[in-house]
Amino acid sequence: MSDLTAGLPNESAPAGSPPVSGAPDIRELNERIQRESAFMDLLNIEMEKVIVGQKDMVEKLLIALLSNGHVLLEGVPGLAKTLAIKTLSDAIEVDFSRLQFTPDLLPADLIGTMIYNQKKEEFIVKKGPIFSNFILADEINRAPAKVQSALLEAMQERQVTIGPDTYKLPEPFLVLATQNPIEQEGTYPLPEAQVDRFMLKVVLDYPRRNEEQIILRNNISTQPFPKASRVVKAEEILRARNVVREVYMDEKIERYIVDIVFATRRPNDYKLSNLAELISFGGSPRASISLAIASKAHAFINRRGYVIPEDVRAVCRDVMRHRIGLTFEAEAENVRVEDIITEVLNKVEVP
């Protein structure tokens, strides 16, 4: 870490001193981040009113929001996946649509269709629920391939094609999908091309004993169930996204990110030959991009104008776990993707 900070502009340098070549004025950037990130405290307060525990999930949702990325939440039923997403949309002045994915869902149910207007004797476009800021795709793996491909265009291009015309989706646009890992009947596994479009895949665990007692108390109380208030405007989110892009990332951190991704593709080059037979494919270039942007967002949340290795390590598992394929040998030996990521992080040299 000392090597890294040596390459940064000195925060304690005299006012007016020129920054390191190619780097911003960190003191000024820190002050901007303090101003632009003030709404994060309000968001956290509103989320904590409703969501008990699951702090890691809430943080990852905020990282995706700031990074203009999509999130796939995986966990057994009842872990507040849907509630967390709904609460986040309640706290921000945006349009929200919930889509319950089922095997009989059609692309038109998602993006809309063209209908014939008898009075005007012409076809008009009836837009679907995808034209909202926040889309909750509940149990996304229950939808057939046609629906998933329609959602893929919206996620990647931020646009929808209906008939001969293409329509831009509103900003900010965020797809928050959930899937249940224990139920396979009547589900369609997401294609790798679509899974790769999700910036983060967050795996949820059960709450702690004391947290579950609070959840129980809140749900059986005679008082109304807590609800988040709208405390943040969409413009604040868009402005914060621009600041996140300005967070300084040293060249050493860039190399660190590239090394992590390349270690999943060519483990032998990083003295990880034991992983070569366990990995069928490694992270794509989109993994490197997502890891960099998510690291900047993590630094922003921590009110810092520059990225440190801890930011990269904090988001690495959620960025990489759905981008690494396991071989039959790995599955036979009960090796998990998380085990591979842990070994990569332990081996790759930290700047």
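Keep in mind it's a predicted model, so treat the numbers as computed, not measured.

A. Inspection of the overall build of the protein chain at higher detail. Assigned secondary structure in the protein chain consists of 15 helices and 13 strands. Relative to its length of 351 residues, the protein chain is compact, with a C-alpha radius of gyration of 22 Å against a globular reference of 20 Å. Once the C-alpha set of the protein chain is aligned to its principal axes, its extents read approximately 70 × 55 × 50 Å. Across the 351 residues in the protein chain, those meeting the buried criterion constitute 50%. Across the protein chain, every contact between residues at least 6 apart in sequence was considered, and the portion connecting residues at least 24 apart equals 77%. Surface summary for the protein chain: the accessible area is close to 17600 Å², and the carbon and sulfur share equals 50%. Each charge sign in the protein chain was given a centre, from 43 positive and 51 negative side chains, and these centres are 3 Å apart.

B. Structural context of the packing of aromatic side chains. All chains considered together, the criterion is met by 2 aromatic pairs. Here the aromatic rings of Tyr 116 and Phe 123 are separated by 5.2 Å at their centres, their planes lie at 65 degrees, and the arrangement is edge-to-face. On the accessibility criterion, Phe 123 (55% relative accessible area) is exposed. Seen in terms of ring centroids, Phe 131 and Tyr 167 are 6.5 Å apart; in terms of plane orientation they differ by 80 degrees. Their pairing is edge-to-face. Of the two residues, Phe 131 is situated in the loop between β5 (122-127) and β6 (134-138) and Tyr 167 in strand β8 (residues 165-168); the sequence distance between them amounts to 36 residues. When sorted by exposure, Phe 131 lands in the same class as Tyr 167, which is buried. Residue placement shows Lys 127 over the ring face of Phe 131; its charged tip is 4.8 Å from the ring centre. Sitting over the face of the ring of Tyr 306, Arg 304 holds its NZ or CZ atom 6.0 Å from the ring centroid.

C. View of the nonpolar core. Among the nonpolar cores identified, the biggest contains 77 residues, and Leu 43, Leu 66, Leu 88, Ile 92 and Ile 260 are the most heavily contacted of them. Considering each element in turn, this core owes the most residues, 9 residues, to helix α12 (residues 285-301). Beyond its immediate stretch of four places on either side in the chain, Ile 92 contacts Leu 43, Leu 65, Phe 134, Arg 230, Val 232, Lys 233, Ala 234 and Ile 237. Membership of the second largest hydrophobic core comes to 27 residues, among which are Val 160, Leu 169, Phe 173 and Phe 198.

D. Broad picture of helix α15 (residues 337-347). For α15, the complete set of buried residues consists of Val 337, Ile 340, Ile 341, Val 344 and Leu 345. One side of α15 carries all its buried residues, which in axial view fall inside an arc of 135 degrees. Each element contacted by the buried residues of α15 is listed here: α11 (251-265), β12 (279-281), α13 (309-320) and β13 (325-326).

E. Structural view of the sheet that holds strand β10 (residues 200-203). Strand order across the open sheet formed by 5 strands is β3-β6-β9-β1-β10, with parallel pairing between neighbours. In this open sheet, the two edge strands, each paired with only one partner strand, are β3 (96-100) and β10. Averaged over all neighbouring strand pairs, the angle between strand axes comes to 15 degrees, with direction disregarded. Note: strand β1 (residues 71-74) against strand β9 (residues 174-179), 4 bridges, orientation parallel. Directly across from Val 71, in β9, lies its bridge partner Leu 176.

F. Focus on the pattern of salt bridges. This model, assessed by the stated rule, comprises 22 salt bridges. Of the charged contacts in the structure, one is a salt bridge between Asp 56 and Lys 60, with a shortest N-O distance of 2.5 Å. Linking Asp 56 with Lys 60, this pair stays in helix α4 (residues 55-67), spanning 4 residues, or about one helical turn. Given the relative accessible area of 41%, Asp 56 is considered partly exposed. In this structure Lys 60 comes out as buried when scored by relative accessible area, which is 2%. Across the pair Arg 286 and Asp 196 runs a salt bridge whose closest N-O atoms are separated by 2.6 Å. Here Arg 286, found in helix α12, pairs with Asp 196, found in the loop between α8 (192-195) and β10; they are 90 residues apart in sequence, far enough to count as distant. Owing to a relative accessible area of 26%, Arg 286 belongs among the partly exposed residues under this scheme.

G. Inspection of unusual backbone geometry at higher detail. A cis amide bond links Glu 171 with the next residue in sequence, Pro 172, at an omega value of -5 degrees. Along the chain, the position of Pro 172 falls in the loop between β8 and β9. Positive phi outside glycine occurs at Glu 139, with the angle close to 55 degrees.

H. How the structure looks around α13. With 12 residues, α13 extends 16 Å from end C-alpha to end C-alpha; this agrees with the ideal 16 Å at 1.5 Å per step. Listed as buried for α13 are Pro 309, Asp 311, Val 312, Val 315, Cys 316, Asp 318, Val 319 and Met 320.

Criteria and cut-off values
Residues numbered from 1 in each chain as written. Predicted model: local features only at pLDDT ≥ 70, side-chain atom pairs only at ≥ 80, totals over all residues. Heavy atoms only, no water. Helix = DSSP H or I, 4+ residues; strand = E, 2+ residues; numbered from the N terminus. Rg over C-alpha atoms; globule rule 2.2 N^0.38 Å. Buried < 20%, exposed > 50% of the residue type's maximum accessible area, 1.4 Å probe, protein only. Contact = heavy atoms within 4.5 Å. Areas by Shrake-Rupley, 256 points an atom, 1.4 Å probe, with all protein chains shown as cover. Lys, Arg positive; Asp, Glu negative; His and termini not counted. Charge placed at Lys NZ, Arg CZ, Asp CG, Glu CD. Phe/Tyr/Trp six-rings, centres within 6.5 Å; stacked < 30°, edge-to-face > 60°. Lys NZ or Arg CZ within 6 Å of the ring centre and 35° of its normal. Core = buried A, V, L, I, M, F, W, Y, C linked by side-chain atoms within 4.5 Å. Arc of directions from axis to C-beta. Pairing = 2+ DSSP bridges. Axes fitted to C-alpha atoms, helices over the stretch in contact; angles between N-to-C directions. Salt bridge = Lys/Arg side-chain N within 4 Å of Asp/Glu carboxyl O. Expected span 1.5 Å × (residues − 1).

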